[in-house]
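Here are the chains, one letter per residue:
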Amino acid sequence: MGLLSPAVERSPAGYRLFGEAAFNRLAFVKRSQVLGLRLQDIKDILQVRDRAKLPCSEAKQHLTAKVEAISGQIAALETLKGELQGILNRW
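Residues numbered from 1 in each chain as written. Predicted model: local features only at pLDDT ≥ 70, side-chain atom pairs only at ≥ 80, totals over all residues. Heavy atoms only, no water.

Asker: Got a minute to help me understand the packing of helix H1 (residues 20-34) against helix H2 (residues 39-50) in this structure?
Answerer: A pair of packed helices is captured by two measures, namely the crossing angle of their axes and the spacing between those axes. The N-to-C vectors of H1 and H2 enclose an angle of 140°; their axes lie 10 Å apart at closest approach. In terms of axis orientation, H1 runs oblique to H2. Considering only the axes of H1 and H2, their crossing is right-handed. Of H2, the residues touching H1 (which contributes Arg25, Phe28, Val29, Ser32 and Gln33) are Leu39, Ile42, Ile45, Leu46, Arg49 and Asp50. Here the contact of H1 with H2 is composed, by residue class, of six nonpolar, two polar and three charged. (Axes fitted to C-alpha atoms, helices over the stretch in contact; angles between N-to-C directions. Helix = DSSP H or I, 4+ residues; strand = E, 2+ residues; numbered from the N terminus. Parallel < 35°, antiparallel > 145°, perpendicular 65-115°, else oblique. Left-handed = near helix turned anticlockwise from the far one by under 90°. Contact = heavy atoms within 4.5 Å. Nonpolar A, V, L, I, M, F, W, Y, C, P; charged D, E, K, R; others polar.)

Asker: Got a minute to help me understand the side chain of glutamate 58 in this structure?
Answerer: Here glutamate 58 lies in helix H3 (residues 56-90). In this structure, glutamate 58 is buried with no salt-bridge partner, the nearest side chain bearing the opposite charge being arginine 51 at 6.1 Å. Not counting chain neighbours up to four residues away, the residues in contact with glutamate 58 comprise Asp44, Ile45 and Val48. (Buried < 20%, exposed > 50% of the residue type's maximum accessible area, 1.4 Å probe, protein only. Lys, Arg positive; Asp, Glu negative; His and termini not counted. Salt bridge = Lys/Arg side-chain N within 4 Å of Asp/Glu carboxyl O.)

Asker: How should I be thinking about the pattern of salt bridges in this particular structure?
Answerer: Working definition: two side chains of opposite charge can pair if their charged atoms are close together. In this structure the tally under the stated criterion is two salt bridges. The closest approach of N and O atoms between aspartate 50 and arginine 25, which form a salt bridge, is 2.8 Å. Of this pair, aspartate 50 sits in helix H2 while arginine 25 is found in helix H1, placing the two residues 25 residues apart along the sequence. Assessed through its relative accessible area of 46%, aspartate 50 is described here as partly exposed. A salt bridge links arginine 38 to aspartate 41; the nearest nitrogen and oxygen atoms lie 2.9 Å apart. The exposure class assigned to arginine 38 is exposed, which follows from its relative accessible area of 52%.

Asker: Teacher, can you tell me more about the nonpolar core here?
Answerer: What tends to happen in soluble globular proteins is that the nonpolar side chains get buried as a cluster. Formed by Leu3, Val29, Leu37, Ile42, Ile45 and Leu46, the largest nonpolar core amounts to six residues. If one sorts the elements of this core by residue count, H2 sits on top with three residues. Not counting chain neighbours up to four residues away, the residues in contact with isoleucine 42 comprise Leu3, Phe28, Val29, Ser32, Gln33 and Leu37. (Core = buried A, V, L, I, M, F, W, Y, C linked by side-chain atoms within 4.5 Å.)

Asker: Can you walk me through H2 in this structure?
Answerer: Side chains three or four residues apart in an α-helix point the same way, a direct result of the helix having 3.6 residues per turn. Taking 1.5 Å per residue, twelve residues should reach 16 Å; H2 reaches 16 Å between its end C-alpha atoms and fits that length. Taken as a whole, H2 has its buried residues at Asp41, Ile42, Ile45, Leu46 and Val48. With its buried residues spanning 155° around the axis, H2 presents them on a single face. Check the buried side of H2 and you find it contacts H1 and H3. (Expected span 1.5 Å × (residues − 1). Arc of directions from axis to C-beta.)

Asker: I'm lost on the packing of H2 against H3 in this one. Help?
Answerer: At a minimum axis separation of 8 Å, H2 and H3 run at an interaxial angle of 165°. Considering their axes alone, H2 and H3 lie roughly antiparallel with respect to each other. Two packed elements cross with a definite hand, and for H2 against H3 that hand is right-handed. For the pair formed by H2 and H3, the contact residues are Asp41, Asp44, Ile45 and Val48 on the first element and Glu58, Ala59 and His62 on the second.

Put into structure tokens, the structure is as follows:
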């Protein structure tokens, strides 16, 4: 997906050699995934950053959408919980 910058150098065995910046970028990607962002969302944020702009608004937009999705899932789970509890109470 192009999340990591292409490595300029390769080892004698042909392996790509990544610098510290690539590892920091990878750490950001992994932390963002833990927060529930999709790789496409992460790519959008990184593209803003790569244009030498602060990606705050882009990140906020994606995180807001994620919070809304989680709220919907919680509401659906609460409904399911209530239905299951009703079945158990009538058992």
